[in-house]
Amino acid sequence: MSIITFALAAVLIAMACIKADRVRAWRESLNPSAPDIPDAAFVAARILFIGMAVIGTVRGFQGLAVEDDLKWSDDELKSAVEQATYELDGSLYRVDEWGEPATHIYEYDTLIESEVVENGGGDAPQSGVAAAAADGNTDADAYLTVSANGADAEFCFHIERVRSKEDDYTPPGITGGAGTYTELGYRLTVTSREGAC
């Protein structure tokens, strides 16, 4: 869209540069009996064309800025992946007796996508990150390829869920005594490298 806006601005500037004598000669060849156009009309038309071209150029640059805000660069993605890896590595994960997550944690793909977006920095978009799980992933060992809209680079996350008995938690019972079940503690070991998994 910005390219079209810049092209229209260029056409408007070209129209403003056409000499009045050429326009009069062209008009007379089409309609010899038409009244002559005063010089003031040409001045007003030039001001209008140049004003519209300036507005179009400003809008075109605004469009480019918005487009840039919607796309990730390779550097933005690399930085966000490095920071997300650092923050997720060693994070606590608990499951109840039935193996269901006891703490607020997402599926691995959603967890990585949200963490990368969160660590994207001020200029990076707040969306456009995708984490594709590899075949054969399990809850205990998973590989995910992370890509982002506009970036050519891809990164491979490796997540291992490691049992951590010291992080087990038994909520107190209703009467304040010992609880009836224990949430099993795990820690996530997270690494990443450049390239698809």
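Here, every reference points to the structure presented above.
Residues numbered from 1 in each chain as written. Predicted model: local features only at pLDDT ≥ 70, side-chain atom pairs only at ≥ 80, totals over all residues. Heavy atoms only, no water.

Peer 1: What should I look at first to understand the side chain of T5 in this one?
Peer 2: As for its placement among the helices and strands, T5 is situated in helix α1 (residues 2–17). For T5, a relative accessible area of 18% puts it in the buried group. (Helix = DSSP H or I, 4+ residues; strand = E, 2+ residues; numbered from the N terminus. Buried < 20%, exposed > 50% of the residue type's maximum accessible area, 1.4 Å probe, protein only.)

Peer 1: Before we go on, may I ask you to explain the state of the cysteines in this structure?
Peer 2: The term disulfide refers to a covalent linkage connecting the sulfur atoms of a pair of cysteines. Applying the stated criterion across every chain, the model contains one disulfide. Covalent S-S linkage joins C156 and C197, the inter-sulfur distance amounting to 2.0 Å. Looking down the S-S bond of the C156 and C197 bridge, the torsion is 110°, so its handedness is right-handed. With C156 in strand β4 (residues 155–163) and C197 in the segment after β5 (184–194), the pair connects residues that are 41 residues apart, well separated along the chain. (Disulfide = S-S within 2.5 Å.)

Peer 1: Would you mind showing me how to read the layout of surface pockets here?
Peer 2: With a probe scaled to a water molecule rolled over the atoms, the places where space remains empty come into view. Of the voids in this model, the second largest pocket is the one considered here, and its volume is about 160 Å³. Sorting elements by how many residues they give to the lining of the second largest pocket places helix α3 (residues 39–69) first, with four residues. (1 Å grid on protein atoms, 1.4 Å probe; cavity = no way out; pocket = protein on both sides within 12 Å on 5 of 7 lines; lining within 4 Å. Points joined across faces, edges and corners; volume = space filled by probe spheres on them.)

Peer 1: I would appreciate a short explanation of a negative patch on the surface in the present structure.
Peer 2: On the surface, a cluster of negative charge is contributed by D74, D75, D152 and E194. Structurally, D74 is set in helix α4 (residues 74–88). (Patch = residues over 30% accessible without salt bridge, like charges linked within 9 Å, V, L, I, M, F, W, Y side chains within 5 Å. Areas by Shrake-Rupley, 256 points an atom, 1.4 Å probe, with all protein chains shown as cover. Salt bridge = Lys/Arg side-chain N within 4 Å of Asp/Glu carboxyl O. Lys, Arg positive; Asp, Glu negative; His and termini not counted. Charge placed at Lys NZ, Arg CZ, Asp CG, Glu CD.)

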